[in-house]
Amino acid sequence: SQTIHQWPATLVQPVGSPLSLECTVEGTSNPNLYWYRQAAGRGLQLLFYSVGIGQISSEVPQNLSASRPQDRQFILSSKKLLLSDSGFYLCAWSGSSGNTIYFGEGSWLTVV
Amino acid sequence: GENVEQHPSTLSVQEGDSAVIKCTYSDSASNYFPWYKQELGKGPQLIIDIRSNVGEKKDQRIAVTLNKTAKHFSLHITETQPEDSAVYFCAASYQGGKLIFGQGTELSVKP
């Protein structure tokens, strides 16, 4: 069966510091991969999605970037964090045909 | 652009009662409508989904209905239990497989 792992689970970082959140998927090949952010208002905002290695699409302009160095690995990064980057970040995957999306357990980021 | 409206934002019911959450979507090309349940501090979990060629789908106490003409779809939970308390999200597909989510409904089931 397919599983998705995301880490770290919680992170407290000072303003201006770098960020790296990592996500891996097991049990499937060539998945679509996604990074979502969930702010306190509950809404799920799509940040990035990827249909293959090195293929990244950004949905919203922001202080973050994403990379997909391997088929089942997705990384969310920032060079300099802002206070507004605080939130709950969720990695997700779907089959290559899209549609059903499965989420990881999320990473809480607090920028102080 | 694409949009999904979800109502109500909060819902409180007595244990054993039914709960209904409604969503509307804007993209007439949407053909896949999942529902997710999110417990505090965890990632959303898929609980039921429906595709545009079906008007209703049921899984035990949970059912989803879809009206493509009106661009409405709804989640129905019958015989609610305290463990049903969570935030529920609807979503609609767009642009070849991506999902746009509603703003969520916080359901509270009081024993």
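To be clear, the structure that these remarks concern was listed above.
Now for a quick tour of the structure.

The rules we used
Along each chain, the written sequence defines residue order, and numbers are assigned to residues from 1. Throughout, the order in which chains and ligands are written sets their labels, letters from A for the former and numbers from 1 for the latter. pLDDT decides what is reported in this predicted model: residues at 70 or higher carry local features, side-chain atom pairs at 80 or more are listed and counted, and totals for whole chains, interfaces and linings draw on all residues regardless. Working from all heavy atoms in the structure, the side-chain values ignore hydrogens and water. Strands pair, by our definition, only if DSSP identifies at least two bridges between them. Numbering goes from the N terminus for both helices and strands, where a helix is a DSSP run of H or I of at least four residues and a strand is a run of E of at least two. Every axis in this analysis is a line fitted to C-alpha atoms, fitted for helices over the stretch in contact. Angles between the N-to-C directions lie between 0 and 180 degrees.

1. So, the sheet that holds strand E3 (residues 19-26) of chain A
Residues and elements named next belong to chain A. Ordered by their spatial adjacency, 4 strands build an open sheet running E1-E3-E8-E7, and the pairing between neighbours is antiparallel. With one partner strand each, in any of the chains shown, strand E1 (3-7) and strand E7 (65-70) form the two edges of the open sheet. Neighbour to neighbour, the strand axes of the sheet diverge by 20 degrees on average, direction disregarded. The sheet contact formed by E3 and strand E8 (residues 73-78) spans 6 bridges and is antiparallel. Looking across to E8, one finds that glutamate 22 is bridged to isoleucine 75.

2. Some remarks on the sheet that holds strand E6 (residues 56-59) of chain B
Residues and elements named next belong to chain B. The strand order across the open sheet formed by 5 strands is E1-E3-E8-E7-E6, and the pairing between neighbours is antiparallel. Each edge of the open sheet carries a strand with a single partner, namely strand E1 (4-7) and E6. Ignoring strand direction, the axes of neighbouring strands in this sheet form an average angle of 15 degrees. Pairing geometry for E6 and strand E7 (residues 62-67), over 4 bridges, is antiparallel. By the bridge assignment for E7, lysine 58 is matched with alanine 63.

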